[in-house]
Amino acid sequence: MAAVAIRGPILEVDEYVDPKNIERDSLKIISRVRPLWKGDKVRFEPCAGAGFMNTMLICHHGNEMIDALIIRVFGEGMDYMMNKTQELTVTKLFHEIGVSPIIHCIFKNGVCMEFVQGTTYAWANLSGLADIKVVKAVARELAKVHSRQTAKLALSKYGYGFNKEEAESVRKIKEFIDNWPTAIGEPDADKLFRTNFPSLEQLKEETAIILDVMERMHKTLLICHSDLNPTNVIYIPEQDRAVFVDYDFSGFNWRIMDLATFIEFSAIGLTPDVEGTKRFSDDFIKEFLREYLNAKRSLGEIDHEVSDSDVDHLFKLTMKGILGVYLLYGMVFVCLAYGERERHGLRKVDLIGVASTMVTWYFKNKDAILATDTETHAPWP
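Everything quoted here is computed from the prediction, not taken from an experiment.

Each value, and the rule that gives it
- Residues numbered from 1 in each chain as written.
- Predicted model: local features only at pLDDT ≥ 70, side-chain atom pairs only at ≥ 80, totals over all residues.
- Heavy atoms only, no water.
- Salt bridge = Lys/Arg side-chain N within 4 Å of Asp/Glu carboxyl O.
- Helix = DSSP H or I, 4+ residues; strand = E, 2+ residues; numbered from the N terminus.
- Expected span 1.5 Å × (residues − 1).
- Buried < 20%, exposed > 50% of the residue type's maximum accessible area, 1.4 Å probe, protein only.
- Pairing = 2+ DSSP bridges.
- Contact = heavy atoms within 4.5 Å.
- Axes fitted to C-alpha atoms, helices over the stretch in contact; angles between N-to-C directions.
- Bend = angle between axes of the 7 residues up to and from the residue.

Draft legend 1. Main features of the pattern of salt bridges. Across all of its chains, the model carries 24 salt bridges by this definition. Here Lys-366 ties to Glu-206 by a salt bridge, and the two come within 3.1 Å at their closest N and O atoms. Of this pair, Lys-366 sits in helix 11 (residues 348-370) while Glu-206 sits in helix 7 (residues 200-217), placing them 160 residues apart in sequence. Residues participating in the shared-partner salt-bridge network are Arg-72, Lys-84, Glu-87, Asp-246 and Asp-248.

The structure is reproduced here in structure tokens:
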């Protein structure tokens, strides 16, 4: 197994990278991180995995990928969806605990990080995530993110950048409701929106139900990624470990949302399977959850051998968490559709279509999942 690189301090520079002139402005950042690179020999390539709100470039010197960099520029114009100050704080935290790529530099509206030679996942091709070795690597790193040690470090060293009194998902849901549109702005998208989405009052009622369920599941809030879909995971085979990217929504949150987001979207992609035929098998999901709990035990956060009962209980909680995932992400895609004409080739009607299938899944499965007994087991630590 290859050694994990030692992480040094992050350089912080007072520079702005214009998303419309990203190659030109990125050279200002690259000159600070790779001072021996000649500007006229720097090559740029588009980078998949930027998400729906950011822009990323791969930067390398000449034809060599040795010491290649990623420049990630934050999206603009949807500030209510993202707390960029908090994202930069999480970037520093995740760099320090080793769950991110190595972060070389933070600038005013983005970051410069190492280009990780690993396996990335796109919505169009998630087959590699059916490998239990990969999902176990994710489980181990996620346990590190969710640890009490990480929460203590976040508050003691970076406390100014976090809100630990309110779950990040609660804050996002409130902001989505405050900015909820009455129309999307294109005829086909508006028709889908009117047909498939509840009224604002019903939406408030449904979010209140889910928020109550999530709050009863968790004794405490801990640091979470909060958007752990498969496009935000890189698996490094030589090290049998994973790193996480894209911290738009990261902060103190409900851990179950990370588990549910990863295990659900890794199986189905962006098209919720209303009939439930595409989801990973229960045994596969339980292997992932057992690895997560064993990693928590290795960190000293579980004081007994992980039992089948522990795994079964967390499995039931994760299934309930999937409800919250679909409701939250349905709202995310509505706001994305309303906020932009097009994102990465997805039209407004495409974004509303994704949101519609998520909301359809939520209402189809809500009653059965909420009826599952999760109250008879000791509270989740």
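Draft legend 2. Geometry of helix 8 (residues 255-268). Here helix 8 is 14 residues long and its end C-alpha atoms lie 21 Å apart, about the 20 Å a rise of 1.5 Å per residue gives. Across the 14 residues that make up helix 8, a large majority, 14, are buried.

Draft legend 3. Looking closely at the sheet that holds strand 1 (residues 11-12). One open sheet holds the six strands; their spatial order is 1-5-6-4-3-2, and the pairing between them is mixed. At either margin of the open sheet sits one strand with a lone partner, and together these are strand 1 and strand 2 (42-46). Bridge analysis of strand 5 (residues 103-107) against strand 6 (residues 110-114) gives four bridges, and the strand direction is antiparallel. In the sheet register, Cys-105 faces strand 6, and the bridge partner there is Cys-112. Packing of helix 1 (residues 22-33) onto the sheet brings it into contact with strand 1, strand 2, strand 3 (55-61), strand 4 (64-73), strand 5 and strand 6, and relative to strand 2 it is tilted by some 125°. Its contacts with the sheet place helix 2 (residues 84-97) against strand 1, strand 4, strand 5 and strand 6, and it is angled at close to 165° to strand 5.

Draft legend 4. Broad picture of helix 11. An ideal rise of 1.5 Å per residue puts 33 Å on 23 residues; helix 11 measures up with 32 Å between its terminal C-alpha atoms. Maximal helix bending in helix 11 amounts to about 40°, located at Lys-364.

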